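Coordinates in review
What follows is each chain in one-letter form.
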Amino acid sequence: MENYYELPELIPENIIERVSKLSSANICDGLNKLGLLANRCMCQQIKPVSDNMKVVGTACTVDTKDGDNLPIHIAIYSCKPGYVIVVSGKAYEESAYMGDLMGGAAEAIGVSGIVVDGYVRDKVGLDEIGMPVFSRGFKPASPAKKGPGGLNIPVECGSVAVNPGDLIVGDYDGVVVVPRDKIEEVLDAAEVKIAYEEKRVFTIEQYRKCKKEGTELPELTPSWVKDMMG
C-alpha cells in the first residue's frame, strides 16, 4: 500500500473552527470571489447519507477501483481524528464500497467523515451512527477485497482533484475542496461575503416590516444590481 503510514499534516484547529461556522455554499462564494471556483465542487451526485450530516476536515486520500474496499479498510484503521477520508472509487456502480460496520469503526476512531466516489450501503445504519458519509448513492451488493490501491496520493474524486491535506467541506448542498495553500484567502473572502449577506437579510426584513405596517419602504434593490442595469 503506497504511502501507508504517511498522513498529511492536520489543518490547524483555529482554521477548522472558522470553517465549521460556514456552509459549503459560503466556501464556494469565497472561491468564486478569488476566481478559484472552477473544478472545486464535486459532482452533484455525491451527497450525504442524510441532510443533517456535515463534514469539515483535512483530506486523507484513497485510490481504489472496481468495488475494492481493502484500501478503505486500511485507510480507516490507520487514520486519526480530524481527517476526512476521500475515496477515489472511479464512480464504480456494480457494488458498494462500504457500509455501517466500516462507518462505525471510523466513527469510533474519530474520523471526521468519508467521501466516496461510488456507492455505499446500510443507509439506515449509517444514519443512526451519525458518521458523515457522502456518496453517489446506495447499492446493496457486497464489495471486493483485493488491493493494493493507494493512500495519501493525489486523486480525483467526484471530478475534482484532491491532494492529501486539502480542506474538505461537505453538507446537504454537496462537497467542496479547497487547496491547502489557498484556505485562509478563501475564508477571508467568504467571511466578507457573509457580512454582506447579513446586511441584505436585515434590509429584507426591514422591507417586510415596513410593508406590513404600511410605512415608507426602504430601498430593496442592491446597488450592484442598479449599476449593472445601467
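Keep in mind that this is a model prediction, so the values were computed, not measured.

Parameters at a glance
Residues numbered from 1 in each chain as written. Predicted model: local features only at pLDDT ≥ 70, side-chain atom pairs only at ≥ 80, totals over all residues. Heavy atoms only, no water. Helix = DSSP H or I, 4+ residues; strand = E, 2+ residues; numbered from the N terminus. Contact = heavy atoms within 4.5 Å. Axes fitted to C-alpha atoms, helices over the stretch in contact; angles between N-to-C directions. Left-handed = near helix turned anticlockwise from the far one by under 90°. Nonpolar A, V, L, I, M, F, W, Y, C, P; charged D, E, K, R; others polar. UniProt positions renumbered as here; feature names shortened; annotations may be inferred. Buried < 20%, exposed > 50% of the residue type's maximum accessible area, 1.4 Å probe, protein only. Polar contact = N/O pair within 3.5 Å; in protein donor to acceptor, adjacent residues only side chain to side chain. Arc of directions from axis to C-beta. Pairing = 2+ DSSP bridges.

What to know about the environment of Pro 179
Mapped onto the fold, Pro 179 is located in the loop between β11 (174-178) and α6 (183-213). Along the sequence, Pro 179 and Leu 36 sit 143 residues apart, while their C-alpha atoms lie 9.6 Å from each other. Each residue touching Pro 179, except ones within four places of it in the same chain, is listed here: Arg 40 and Asp 166.

Examining the packing of helix α1 (residues 13-20) against α6
Where α1 meets α6, the axes come as close as 11 Å, and the angle between the chain directions of the two elements is 35 degrees. The crossing of α1 and α6 is left-handed. Judged by residue contacts, Ile 15, Arg 18 and Val 19 of α1 engage Ile 183, Glu 184, Leu 187, Asp 188 and Glu 191 from α6. For the contact of α1 with α6, a count of residues per class yields four nonpolar, no polar and four charged.

So, the UniProt feature "binding site: substrate" (unreviewed entry) in the protein chain
UniProt records the feature "binding site: substrate" (unreviewed entry) at Gly 99, Asp 100, Leu 101, Met 102 and Arg 121, using the numbering of this structure. Separation in sequence by 23 residues is not matched in space for these annotated residues, since their most distant C-alpha atoms are only 10.5 Å apart. The topology assignment puts Leu 101 in helix α4 (residues 100-109). Classification of Arg 121 as partly exposed rests on a relative accessible area of 26%. What Arg 121 contacts, discounting residues up to four positions off in sequence, is Ala 96, Met 98, Gly 99, Asp 100, Leu 126, Lys 139, Pro 140, Ala 141, Ser 142 and Pro 143.

Thoughts on the side chain of Ser 135
Here Ser 135 is to be found in strand β5 (residues 133-135). Side-chain polar atoms of Ser 135 contact the backbone oxygen of Gly 137, separated by 3.0 Å. Those residues in contact with Ser 135 that sit more than four places away from it in its chain are Gln 45, Ile 46, Lys 47, Val 116, Gly 118 and Val 120.

Thoughts on α4
Along α4, the positions that sit buried rather than exposed are Met 102, Gly 103, Ala 105 and Ala 106. Each buried residue of α4 sits inside an arc of 160 degrees when the element is viewed along its axis, so together they form one side. For α4, the exposed residues lying more than 90 degrees away from the buried face are Leu 101 and Ala 108. Tucked into the core, α4 has its buried residues touching α3 (70-77), β4 (113-120) and α5 (123-129). Once α4 ends, the next one or two residues include Gly 110, with phi positive near 105 degrees.

What to know about the UniProt feature "binding site: Mg(2+)" (unreviewed entry) in the protein chain
Here, the residues flagged by UniProt with the feature "binding site: Mg(2+)" (unreviewed entry) are Asp 122. As for its position among the elements, Asp 122 is in the loop between β4 and α5. Using a relative accessible area of 32% as the deciding quantity, one classes Asp 122 as partly exposed. Of the polar contacts made by the side chain of Asp 122, one reaches the backbone nitrogen of Asp 100; its length is 3.0 Å.

Describing the environment of Ile 76
Examined against the element boundaries, Ile 76 turns out to sit in helix α3. When its relative accessible area of 0% is taken as the criterion, Ile 76 is described as buried. Separated by 37 residues in the primary sequence, Ile 76 and Asn 39 have C-alpha atoms spaced 27 Å apart. Other than its neighbours up to four places away in sequence, Ile 76 contacts Ile 85, Met 102, Ala 105, Ala 106, Ile 109 and Ile 114.

Structural notes on the pairing of strand β10 (residues 167-171)
Regular strands show a simple pattern: their side chains alternate between the two faces of the sheet. Of all five residues that make up β10, five are buried, and the element is covered over most of its length. Relative to β10, strand β2 (residues 55-63) is paired through four bridges, and the arrangement is antiparallel. Looking at the pairing, Val 56 lines up with Val 169 of β10. Pairing of β10 with β11, which is carried by five bridges, proceeds in the antiparallel orientation. Paired with Gly 170 across the bridge in β11 is Val 175. What sits between β10 and β11 in their antiparallel hairpin is a turn of two residues.

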